[in-house]
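# Fold and contact review
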Amino acid sequence: MNQHTVDPAIVEAARLARRVVAFSGAGMSAESGIPTFRDAQTGLWEKFEPEQLASPDGWRRDSGLVWAWYQWRTGLVRRVQPNDGHRALAAWGQQVPMKIITQNVDDLHERAGSEVTAHLHGSLFAPRCSGCGAAYPSDGGLDVEPTGPVPPPKCASCGGEVRPGAVWFGESLPLEAWQGAENAIDECDLMIVVGTSGVVYPAAALPLQAIESGVTVLEINPQTTDLSPHVHHSWRTTAAIGLPALVA
Ligand code: BV8
Ligand code: ZN
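Residues numbered from 1 in each chain as written. Chains lettered and ligands numbered in written order. Predicted model: local features only at pLDDT ≥ 70, side-chain atom pairs only at ≥ 80, totals over all residues. Heavy atoms only, no water.

The name recorded for the protein chain in an unreviewed UniProt entry is NAD-dependent protein deacylase, from Rhodococcus spongiicola. The UniProt entry for the protein chain carries the following comment under Sequence similarities (unreviewed entry): "Belongs to the sirtuin family. Class III subfamily." (UniProt positions renumbered as here; feature names shortened; annotations may be inferred.)

Here it is, written out as C-alpha cells:
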C-alpha cells in the first residue's frame, strides 16, 4: 500500500462500521499548517522541549514565556483552516454516529463541522484563572511571533494569573473528557487513530483499550508508531489523503 492506495480490507471495515470513534493527535492538524510536537520547534521556542513549556514547572519558572507560547499557538490556529481530513470526519459523522476524541488543543475539528466528544488535553480556547479557576475568554492570541515573555492577564476576582486551558505534563486529564472517551470506545465498532505517535499516556492507552474490547482499530500515519504493532490495520498515509478515501 502506498499513500494513495488503500487496502480494500480497510475500506470494507470503514464501510461496515456502524459507530465510529476517531482518535486524533497533532498529525491530524499538520496539513493545516500546525507543527506537531515531533516537529522541530522554531523561533523563540527553538531551545525548549514542549514538555518544558507545557508543564506546571515551566509555568512556575516563567509564566510569561509559557503564556507567550500559547498565545502564539492560538493565533496560528485562528489563521489556518481545517484540512480535508477534518472535513472527511465531519462528512462521515453525517452518515453514521461518529465520536471525536482528540489530544489536540486546537478547534479545527469543530470548525470543520464535527462535534468533539473529548478534548483529552484541554483547549487553547479555554483559558482559566490559575488561582480560582474562573474561565476567561480567549482573545484570539498573537498575530506576530513574540520575541520574549508576554505577561498573562490577571484574574478580575482573585488577582491570580490567567493560564492556558491545556492539560500540562504531570497534570491529570479532565475527568469528564476521560469518561466521555471511555464511553465512546465502549459503544463503537471501529476506531480510527490518526496522527498520533502514541507516546503520551494515559491517552495512548485508549486505542489499546479499544483493541482489548474487540474494537477494530485502523491507524493512519505516514510513520510507524508505538501503536502500529497493536492495531488491526496501519496505513502509511496522511490525514488529508487517507480519511477522504475512507468516506464513501
Ligand atoms: C499524567 C496539551 C499523571 C499541552 C499535551 C513524569 C511525571 C508526570 C507524568 C509523567 C512522567 N513521565 C511520564 C508521564 C506521563 C506523561 C507522559 O505520557 N509523558 C510522555 C512524554 C512519556 N503524561 C502526562 O503527564 C499526562 N498526565 O500522566 O498525569 C497524574 C496522575 C494522577 C494525578 C496527577 C498526575 C498529561 C499528558 C498531557 C500533556 N499535554 N498536550 C499542549 O498542547 O501544549 S500532550 C501533547 O503531546 C499532545 O496533546 C499530544 O497528546 C502529545 C503527543 O503528541 P501527538 O499528538 O502524538 O503528536 P506527536 O507530535 O507526538 O506526533 C505526531 C504524529 O503525527 C506522528 O506520529 C507523525 O508521524 C504523525 N503525522 C505527522 N504528519 C501527519 C501525521 N499523521 C497524519 N497526517 C499527517 N499529515
Ligand atoms: Zn481567579
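Back to the write-up after that little detour.
## Here's the deal with the UniProt feature "binding site: Zn(2+)" (unreviewed entry) in the protein chain
As annotated in UniProt, the feature "binding site: Zn(2+)" (unreviewed entry) corresponds to Cys129, Cys132, Cys155 and Cys158 in the numbering used here. Sequence-wise these annotated residues cover 30 residues; spatially they are packed, their C-alpha atoms never more than 8.5 Å apart. For Cys129, the position within the fold is in strand S4 (residues 128-129). In this structure Cys129 comes out as buried when scored by relative accessible area, which is 2%. Once residues within four sequence positions are removed from consideration, Cys129 is found in contact with Ala134, Tyr136, Cys155, Cys158, Gly160, Glu161 and Val162. Tracing the sequence through the fold places Cys158 in the loop between S4 and strand S5 (162-163). By relative accessible area, Cys158 is classed as partly exposed at 40%. Once residues lying within four places of it in the same chain are set aside, the contact partners of Cys158 are Cys129, Gly131 and Cys132. (Helix = DSSP H or I, 4+ residues; strand = E, 2+ residues; numbered from the N terminus. Buried < 20%, exposed > 50% of the residue type's maximum accessible area, 1.4 Å probe, protein only. Contact = heavy atoms within 4.5 Å.)

## Brief notes about the environment of Asn104
Locating Asn104 in the fold gives a position in the loop between strand S2 (98-102) and helix H6 (108-111). For the pair formed by Asn104 and Lys154, sequence separation is 50 residues and the distance between their alpha carbons is 26 Å. Setting aside its immediate chain neighbours within four residues, Asn104 contacts Ser24, Gly25, Ala26, Met28, Ser29, His119 and Gly122. Of the polar contacts made by the side chain of Asn104, one reaches the backbone oxygen of Gly25; its length is 2.8 Å. (Polar contact = N/O pair within 3.5 Å; in protein donor to acceptor, adjacent residues only side chain to side chain.)

## Some words on the sheet that holds strand S6 (residues 190-194)
Think of a sheet as strands paired side by side through backbone hydrogen bonds, with each pair either parallel or antiparallel. Taken in spatial order, the six strands of this open sheet run S3-S2-S1-S6-S7-S8, and their pairing is parallel. The sheet is open, and its two edges are formed by strand S3 (116-119) and strand S8 (233-235), each paired on a single side. Each strand axis lies, on average, 15° off the axis of its neighbour in the sheet, ignoring direction. On top of the sheet, helix H7 (residues 175-187) reaches strand S1 (20-24), S2, S3 and S6; it is set at about 140° to S2, its chief contact. Sitting on the sheet, helix H9 (residues 239-246) touches S6, strand S7 (216-220) and S8, and the angle it makes with S7 is about 140°. (Pairing = 2+ DSSP bridges. Axes fitted to C-alpha atoms, helices over the stretch in contact; angles between N-to-C directions.)

## Examining the coordination of the zinc ion (ligand 2)
Protein coordination of the zinc ion (ligand 2) is provided by Cys129 (SG), Cys132 (SG), Cys155 (SG) and Cys158 (SG), with donor distances spanning 2.2 to 2.3 Å. One can describe the site at the zinc ion (ligand 2) as tetrahedral: its four donor atoms subtend angles covering 96 to 119° at the metal. (Donors = N, O, S within 2.8 Å, 3.2 Å for Na, K, Ca; no water. Tetrahedral: all angles 85-135°; square planar, octahedral: opposite > 155°, others 65-115°.)

## A short note on the site of ligand 1
Neighbouring ligand 1 are 36 residues; Arg38, Tyr70, Arg73, Gly170 and Ser197 lie closest to it. The backbone of Gly27 places a nitrogen or oxygen atom 3.4 Å from a nitrogen atom of ligand 1. Interatomic distance of 2.8 Å between a backbone N/O atom of Tyr201 and an oxygen atom of ligand 1. Look at ligand 1: alone it shows 1,500 Å² of surface, and the protein chains cover 73% of it. With three residues, helix H4 (residues 63-79) is the single largest residue contributor to the shell around ligand 1. Here the shell around ligand 1 is composed, by residue class, of 17 nonpolar, 14 polar and five charged. (Near = heavy atom within 4 Å. Areas by Shrake-Rupley, 256 points an atom, 1.4 Å probe, with all protein chains shown as cover. Nonpolar A, V, L, I, M, F, W, Y, C, P; charged D, E, K, R; others polar.)

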